[in-house]
Amino acid sequence: MSHLDSYICYIQFPQVTWLELCRWYCCRLYRPGMQHLTCDPSFLSSSDAASVLGKRWKDTAETVIIGGGCVGASVAYHLAKSGMKDVVLLEKSDLTAGSTWHAAGLTTYYHPGINLKKVHYDSLKLYERLEAETGQAVGLHQPGSVRIASSPARVDEMKYQMTRTHWHVTEQYLIGPEKVKELFPLLNMDKVLAGLYTPGDGHIDPYSLTMALAAGARMYGAQIYNPAPVTGLSPRADGKWDVQTPHGTILANRIVNATGFWAREVGKMIGFDHPTIPVHHQYVVTATVPEVKALKKELPVIRDLEGSYYLRQERDGLLFGPYEKMEKMKLQDSWVTDGVPPGFGKELFESDLDRIMEHVEMAMEMVPVLKTADIVNIVSGPITYTPDLLPMVGPHQGVRNYWTAIGFGYGVIHAGGIGKFLSDWIRNGEPPYDLIECDPNRYSKWVDVPFLCAKARESYGFNNVVGYPKEERFAGRPTYRQSGVYQLLKDKGSMGFHAGWEQPHWFYKPGDETGYNWIETEAQDGGYEVDISNVTEDIGVLGIAGPNSRKVLQKLTNEDLSDAGFKFLQCKSIQLAGIPVRAIRISYTGELGWELYIDQKNMAAVYQAMMEAGKDEGIDNFGTYAMSSLRLEKGFRGWGAEMNSDTNPLEAGLDYFIKLNKPADFIGKAALQEIKAKGLKRKLSYITLDTDNIDPEGNETVWHNGKVVGNTTSGAYSYGTQQSLAFAYLPLELCSVGQKVEVELLGRKYPAMVVQEPLVLTEPTRTRLQKKAKGKV
């Protein structure tokens with residue numbers, strides 16, 4: 001009993017003798033390292049039931065719900081409130097034991113799917129009125145939530161979600177950075193492009209919620225027994241069930257498995273291997289944060305999607321919970337193979353901050369007050385996942401009157417709506433709306449343990465990645481469910497996954513690879529005769545440039561590298577120092593050059609051969625900084641800087657490369673014609689700067705007459721012209737050569753001027769002008 005010294009318990013049971021109390025107390029199991037006591041009532045005899053449970057034991061029930069978390073309590077509440085008599089809930093230890101008690105309690109109207117939006121809506125509407133109905137506080141906070149977009153893809157994803165929400169009753173808005181900052185003033189806004197704002201979202205105390213649902217269930221006539229573990233399930237010929245417990249057997253018309261991470265244990269009693277697996281989910285709670293305490297209203301919940309974490313206010317501190325990448329997250333797979341430890345109920349796993357440090361650092365960057373906040377608690381507990389992260393809700397095939405409400409990765413927000421959904425279905429004989437994605441029968445024996453683990457890991461790790469329509473995820477595939485023609489067709493088309501089966505979504509032309517990301521789709525849809533393969537890790541690239549590059553390479557190959565023999569932008573397979581190389585003639589930073597594509601295993605040999613061949617010509621290495629400066633001198637645009645998804649080719653000054661009058665209906669032609677017809681409002685300008693000991697890098701503010709008028713996109717010092725250069729997007733009225741503006745560098749505004757580009761002519765241009773001059777002479 002020495003381990004119990006720190007626990008002081010005040011226990012009141014009616015009509016309990018001291019001997020019975022001691023027997024109950026001694027059955028409490030304590031293990032060092034666990035944070036709570038649990039109860040194993042298997043030590044009790046059935047004669048103790050009334051004394052220990054404090055109420056009369058029922059031998060029959062219309063519905064027996066197994067599991068006293070928030071989901072099970074909600075099912076009991078809704079069935080009893082709807083008028084069903086003889087509703088019984090059995091909990092093996094304490095209400096909320098399992099995943100409920102340690103949950104972060106997030107509540108949201110949002111869901112990326114269609115049908116589950118209704119579940120979320122019903123849950124929150126119930127939670128809003130539950131306290132008034134039952135008299136039990138639920139600790140509901142509704143400051144709203146903001147999903148943060150810090151990439152163009154995220155903004156597009158949010159726009160996509162907005163198109164899917166207008167016909168639903170819940171409010172949802174796409175908001176700009178200013179509104180995001182207004183709602184959550186502690187954010188670092190450097191990377192915030194937009195936010196998806198959902199009023200009415202927030203969080204709730206899971207323990208209080210469950211107790212309120214239980215109070216409501218009792219108020220409407222349901223019986224809740226605990227501690228009352230189910231030790232056996234026996235189906236009868238008439239479709240009823242014998243539910244066996246240490247206190248006695250209950251004859252039930254139906255049973256509902258709502259046992260969380262115990263779902264597999266209960267399922268095995270009747271021959272089912274429910275595909276659920278516990279995941280170690282961690283969250284961190286801070287002490288009081290002065291900046292939080294000083295706020296006049298509660299912060300909304302934020303979800304930093306790129307950082308893959310949620311963060312909310314917890315009293316005067318903050319609560320932060322990340323979702324690790326699939327290679328770092330931890331599964332409790334031993335519970336799948338060996339079973340859940342019998343005494344596990346309100347215990348926690350050992351925390352592991354190393355797994356989440358990447359997310360901690362991103363959170364501190366986004367919410368700087370976290371850097372100095374003291375941590376008071378780290379929670380690491382089991383949450384249950386199915387392979388696709390969606391719960392298993394409804395009647396299960398194979399046996400009669402066996403229902404499941406299991407596999408909830410987000411049980412708190414699902415509990416209220418799922419309770420109503422199942423109650424309506426049980427009473428009316430059909431579901432109130434389509435929730436086919438949660439059908440428990442979508443899984444079967446084809447889900448083996450390796451598939452379950454691989455898919456759960458993928459689902460957890462992909463929690464906050466950008467989602468795309470028709471996206472396929474391939475972890476654990478294929479299963480043994482393969483049709484007779486699968487082996488013949490698997491390499492000829494893009495396979496989709498349906499209930500374990502691989503089915504072709506669409507077929508490729510010969511030579512194409514299975515899969516989507518955009519080039520493959522365009523090649524297929526456009527009927528282009530191209531072969532596409534991903535060789536990123538197999539092939540390396542070497543660039544050689546300058547007036548002597550041809551001379552150096554010619555020493556290593558018999559291929560004709562002259563202007564006539566190897567034209568600009570031509571690609572050839574050649575032998576270089578006896579090694580196969582694919583070479584492209586380019587204008588490398590405005591000079592004669594080649595790009596050489598080589599197998600990684602041969603890359604060092606080619607490099608050494610070129611360096612040896614170029615000794616007499618003074619060959620040397622150059623890096624990306626030098627290349628950036630050289631390309632700016634020649635007015636070359638850079639991808640990701642001057643050219644990105646935030647602009648268009650006409651704004652970027654690439655008109656010369658675009659032939660809108662050509663007959664071909666090339667990709668983007670119609671859009672460019674529309675842009676041209678509407679007219680441009682800004683354009684890329686080439687500017688020089690009068691600076692001292694500082695040079696532009698890109699993304700600096702451009703000012704004119706005390707107002708912000710644009711921004712630089714890239715910049716560098718030009719050694720050829722001995723001055724600082726930059727590209728900047730400016731309004732059309734400020735794009736004329738000679739126009740003066742200012743560029744802000746480290747808090748100071750430096751004079752700048754729009755000049756004619758380029759300042760240094762490219763090698764082809766110089767050659768052309770030289771030939772032209774000679775012709776005149």
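The name an unreviewed UniProt entry gives the protein is Dimethylglycine dehydrogenase, with Takifugu rubripes as the organism. Its UniProt record gives the protein a comment under Sequence similarities (unreviewed entry), which states: "Belongs to the GcvT family."

1. Let's talk about the sheet that holds strand β31 (residues 740-745)
To summarise the sheet geometry, strands pair through backbone hydrogen bonds and adopt either a parallel or an antiparallel arrangement. The sheet built from six strands closes into a barrel, its strands ordered β27-β30-β29-β28-β31-β32 with antiparallel pairing. Neighbour-to-neighbour, the strand axes of this sheet turn through a mean angle of 45 degrees, independent of strand direction. Most of the contacts of helix α18 (residues 624-633) go to strand β29 (residues 707-718), to which it runs at about 115 degrees, and overall it touches β27 (682-689), β29 and β30 (723-731).

2. As for the side chain of D304
By the secondary structure assignment, D304 is in strand β15 (residues 301-304). No salt bridge is formed by the buried D304. Its closest oppositely charged neighbour is R154, at 7.3 Å. There is a polar contact of 3.0 Å between the side chain of D304 and the side chain of Y309.

3. Overview of the side chain of H203
As for its position among the elements, H203 is in strand β9 (residues 202-203). Ignoring any residue separated from it by four or fewer positions in sequence, one finds H203 in contact with A104, G105, L106, T107, G139, L140, H141, E298, V301, R312 and Q313.

4. Concerning the layout of surface pockets
Here the second largest pocket defines a volume of roughly 790 Å³. Lining the second largest pocket are 20 residues; nearest its centre among them are K634, G635, F636, F657 and T762. The greatest single-element share of the lining of the second largest pocket, amounting to three residues, is contributed by helix α20 (residues 763-776). Considered class by class, the residues forming the lining of the second largest pocket number nine nonpolar, six polar and five charged. The residues that make up the lining of the second largest pocket include at least three from each of domain 3 (539-621) and domain 4 (648-754).

5. Some words on the confidence of the model for the protein
In the predicted model, the protein carries a mean pLDDT of 86, and the fraction of residues at 70 or more is 88%. Note that pLDDT drops below 50 for residues 1-47; the model gives that stretch 70 contacts with residues more than four away or on any other chain.

6. Focus: a nonpolar patch on the surface
Judged by side-chain polarity, Y528, V530 and I667 come together as a nonpolar surface patch covering roughly 280 Å² of accessible area. Note that Y528 resides in the loop between α15 (519-526) and β23 (539-545). Given the relative accessible area of 45%, Y528 is considered partly exposed.

7. Some words on the nonpolar core
In this structure, I65, L130, L209, L422 and L435 are the most contacted members of the largest nonpolar core, which totals 44 residues. When residues of this core are assigned to their parent elements, the largest contribution, eight residues, is made by helix α3 (residues 70-81). Once residues within four sequence positions are removed from consideration, L130 is found in contact with Y77, G135, V138, L209, A212 and L213.

8. Examining the packing of aromatic side chains
Taken as a whole and judged by the stated rule, the model has 26 aromatic pairs. Ring geometry for Y656 and F657: centres 5.4 Å apart, planes at 90 degrees, overall edge-to-face. Of the two residues, Y656 and F657, both sit in the exposed class. Three or more aromatic residues joined by ring pairs form one cluster here, namely F261, W262, W335, F344 and F349. Positioned over the ring face of Y110 is K117, at 5.5 Å from the centre of the ring.

9. Quick look at the sheet that holds strand β6 (residues 145-149)
If you walk across this open sheet you meet the eight strands as β7-β8-β6-β15-β16-β17-β14-β18, and the pairing is mixed. Lying at the two open borders of the sheet, with one neighbouring strand each, are β7 (173-175) and β18 (375-385). Looking at each pair of strands side by side, their axes are set apart by 25 degrees on average, direction ignored. The strands that helix α11 (residues 353-366) touches are β6, β14 (277-286), β15, β16 (309-314), β17 (317-322) and β18; relative to β14, the one it contacts most, it runs at about 45 degrees.

10. Observations concerning the packing of helix α4 (residues 116-134) against helix α12 (residues 411-428)
Running from amino to carboxyl end, α4 crosses α12 at an angle of 95 degrees, the nearest separation of the two axes being 7 Å. If you check the angle between α4 and α12, you find them roughly perpendicular. Along the contact surface, α4 presents L116, V119, H120, D122, S123, L124, L126 and Y127, while α12 presents V412, I413, H414, A415, G416, G417, I418 and K420. When its residues are assigned to classes, the contact of α4 with α12 shows nine nonpolar, five polar and two charged.

11. Description of the environment of F272
By secondary structure assignment, the location of F272 is in the loop between α8 (263-268) and β14. A residue is classified by how much of its surface remains accessible, and F272, at 15% relative accessible area, is buried. The sequence separation of F272 and G398 amounts to 126 residues, and the corresponding C-alpha distance is 9.1 Å. Beyond its immediate sequence surroundings of up to four residues, F272 is in contact with R264, G267, H396, Q397, G398, V399 and Y402.

12. Considering the pattern of salt bridges
Working definition: two side chains of opposite charge can pair if their charged atoms are close together. Across all of its chains, the model carries 30 salt bridges by this definition. With a shortest N-O distance of 2.9 Å, K455 and E458 are connected by a salt bridge. Taken together, the residues span about one helical turn, with K455 and E458 both in helix α13 (residues 449-461) at a distance of three residues. There is no split in this pair, since K455 and E458 are both buried.

13. What about the environment of E700?
Positionally, E700 belongs in the loop between β27 and β28 (701-704). Owing to a relative accessible area of 12%, E700 belongs among the buried residues under this scheme. Along the primary structure E700 and N711 are separated by eleven residues, whereas in three dimensions their C-alpha atoms are 5.4 Å apart. At 2.4 Å, the side chain of E700 forms a polar contact with the side chain of T712.

14. So, the environment of G411
Position of G411 among the secondary structure elements: in helix α12. On the basis of relative accessibility, which here comes to 15%, the residue G411 falls in the buried class. Sequence-distant contacts of G411, defined by excluding residues within four places in its chain, comprise C70 and V71.

15. Let's talk about unusual backbone geometry
That bond from R477 to P478 is cis: its omega, -5 degrees, falls within 30 degrees of zero. You can see P478 is positioned in the loop between α13 and α14 (486-489). Residue E757 is joined to P758 through a cis peptide bond whose omega torsion reads -5 degrees. Along the chain, P758 falls in the loop between β32 (748-754) and α20. Phi is positive for S308, close to 55 degrees, though the residue is something other than glycine. Within the secondary structure, S308 is located in the loop between β15 and β16. Given the relative accessible area of 10%, S308 is considered buried. Even without being glycine, R315 reaches a positive phi, approximately 55 degrees. Its location among the elements puts R315 in the loop between β16 and β17.

Criteria and thresholds
Residues numbered from 1 in each chain as written. Predicted model: local features only at pLDDT ≥ 70, side-chain atom pairs only at ≥ 80, totals over all residues. Heavy atoms only, no water. UniProt positions renumbered as here; feature names shortened; annotations may be inferred. Pairing = 2+ DSSP bridges. Helix = DSSP H or I, 4+ residues; strand = E, 2+ residues; numbered from the N terminus. Axes fitted to C-alpha atoms, helices over the stretch in contact; angles between N-to-C directions. Contact = heavy atoms within 4.5 Å. Buried < 20%, exposed > 50% of the residue type's maximum accessible area, 1.4 Å probe, protein only. Lys, Arg positive; Asp, Glu negative; His and termini not counted. Salt bridge = Lys/Arg side-chain N within 4 Å of Asp/Glu carboxyl O. Polar contact = N/O pair within 3.5 Å; in protein donor to acceptor, adjacent residues only side chain to side chain. 1 Å grid on protein atoms, 1.4 Å probe; cavity = no way out; pocket = protein on both sides within 12 Å on 5 of 7 lines; lining within 4 Å. Points joined across faces, edges and corners; volume = space filled by probe spheres on them. Nonpolar A, V, L, I, M, F, W, Y, C, P; charged D, E, K, R; others polar. Domains from an automatic or database assignment. pLDDT = per-residue confidence, 0-100. Patch = residues over 30% accessible without salt bridge, like charges linked within 9 Å, V, L, I, M, F, W, Y side chains within 5 Å. Areas by Shrake-Rupley, 256 points an atom, 1.4 Å probe, with all protein chains shown as cover. Core = buried A, V, L, I, M, F, W, Y, C linked by side-chain atoms within 4.5 Å. Phe/Tyr/Trp six-rings, centres within 6.5 Å; stacked < 30°, edge-to-face > 60°. Lys NZ or Arg CZ within 6 Å of the ring centre and 35° of its normal. Parallel < 35°, antiparallel > 145°, perpendicular 65-115°, else oblique.

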